[in-house]
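Listed here are the chains, written in short residue letters.
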Amino acid sequence: GAVVSQHPSWVICKSGTSVKIECRSLDFQATTMFWYRQFPKQSLMLMATSNEGSKATYEQGVEKDKFLINHASLTLSTLTVTSAHPEDSSFYICSARETGTINQPQHFGDGTRLSIL
Amino acid sequence: AQSVAQPEDQVNVAEGNPLTVKCTYSVSGNPYLFWYVQYPNRGLQFLLKYITGDNLVKGSYGFEAEFNKSQTSFHLKKPSALVSDSALYFCAVRDIGGGYQKVTFGTGTKLQVIP
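First, a word on what this report is: a plain description of the structure on this page. (Residues numbered from 1 in each chain as written. Chains lettered and ligands numbered in written order. Predicted model: local features only at pLDDT ≥ 70, side-chain atom pairs only at ≥ 80, totals over all residues. Heavy atoms only, no water.)

## Digging into the overall build of chain B
Secondary structure assignment for chain B yields zero helices and twelve strands. Scanning chain B from its N terminus toward the C terminus, one meets helices and strands in the order β-β-β-β-β-β-β-β-β-β-β-β. At 14 Å, chain B has a C-alpha radius of gyration in line with the 13 Å of a compact globule built from 115 residues. Principal-axis analysis of the C-alpha atoms places the extent of chain B at approximately 45 × 30 × 20 Å. Across chain B, every contact between residues at least 6 apart in sequence was considered, and the portion connecting residues at least 24 apart equals 57%. Per element, the accessible surface of chain B, about 5400 Å² overall, is 49% carbon and sulfur. Of the charged side chains in chain B, 10 are positive and 8 negative, and the gap between their average positions amounts to 6 Å. (Helix = DSSP H or I, 4+ residues; strand = E, 2+ residues; numbered from the N terminus. Rg over C-alpha atoms; globule rule 2.2 N^0.38 Å. Contact = heavy atoms within 4.5 Å. Areas by Shrake-Rupley, 256 points an atom, 1.4 Å probe, with all protein chains shown as cover. Lys, Arg positive; Asp, Glu negative; His and termini not counted. Charge placed at Lys NZ, Arg CZ, Asp CG, Glu CD.)

## Focus on the pattern of salt bridges
Applying the stated criterion to the full structure yields six salt bridges over all chains. Linking A:Asp88 and A:Lys66 is a salt bridge whose minimum nitrogen-to-oxygen distance equals 2.7 Å. Separated by 22 residues along the polypeptide, A:Asp88 in the loop between β8 (76–81) and β9 (90–97) and A:Lys66 in the loop between β6 (57–58) and β7 (67–73) bring together distant segments of the chain. For the pair A:Asp88 and A:Lys66, a shared accessibility class is recorded, and that class is buried. A salt bridge links A:Asp110 to B:Arg42; the shortest N-O distance between them is 3.2 Å. Residue A:Asp110 is located in the loop between β10 (107–108) and β11 (112–116), and its partner B:Arg42 is located in the loop between β5 (31–38) and β6 (44–50); the two belong to separate chains. (Salt bridge = Lys/Arg side-chain N within 4 Å of Asp/Glu carboxyl O. Buried < 20%, exposed > 50% of the residue type's maximum accessible area, 1.4 Å probe, protein only.)

## Examining the packing of aromatic side chains
Inspection of every chain in the model, using the stated rule, returns twelve aromatic pairs over all chains. Ring geometry for A:Tyr36 against B:Phe105: centres 5.6 Å apart, planes inclined by 90°, an arrangement best described as edge-to-face. Of this pair, A:Tyr36 sits in strand β4 (residues 32–38) while B:Phe105 is found in strand β11 (residues 104–105), placing the two residues in two different chains. You'll find A:Tyr36 and B:Phe105 in the same group, each marked buried. Seen from their ring centres, B:Phe63 and B:Tyr89 are 5.5 Å apart, and the 50° between their planes marks the pair as tilted. Of this pair, B:Phe63 sits in the loop between β7 (56–58) and β8 (64–68) while B:Tyr89 is found in strand β10 (residues 87–95), placing the two residues 26 residues apart along the sequence. (Phe/Tyr/Trp six-rings, centres within 6.5 Å; stacked < 30°, edge-to-face > 60°.)

Limitation: the analysis is restricted to geometry and does not speak to function.
Structure below.
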């Protein structure tokens, strides 16, 4: 089945550091990938839609300069949390939809637990 | 606009008993509906979907869901619960005619299966 690999799974770093999270579709091409943030005991909050070869579409209230998204190939999207602070600590999850399957399920990575000290 | 509601934060059921996790939706057109399951510190795993056709949809791990257009519901069911079914379940919807790629997720329901 379709596999999405997300790396790293856990990051602990100091305040002010920038952190990059990778999302890869291992056995399919994904024109579109999605980045979510999940707070404890809460649902997924869509942060942005990542489009291969073009700019990401950010949801209202999400700072595009804070959360940099790059989708340079059909199998890789990256989220960089710039100058991270403790309030950025969260569980970040990516998902990917196979190219040409707009109404099919998204495939999710296993998430990245980000802890900013 | 599209939205989905999961009215129960938590559902407790005894092992071996049938389980139901509720979901209602709102779309302007016709819906695509999905159920996902999340285990602790993991991403979401797809369980089943409804696009068109038979209102009773069968999915992974013995789960099924019934699409009810008049009640705008898509409840998740399983005839006999297992302890290993304990997890967080998310319902999701996309409006077919919305011209919009985004899927909207519910707030999640924690299922606790008691041995």
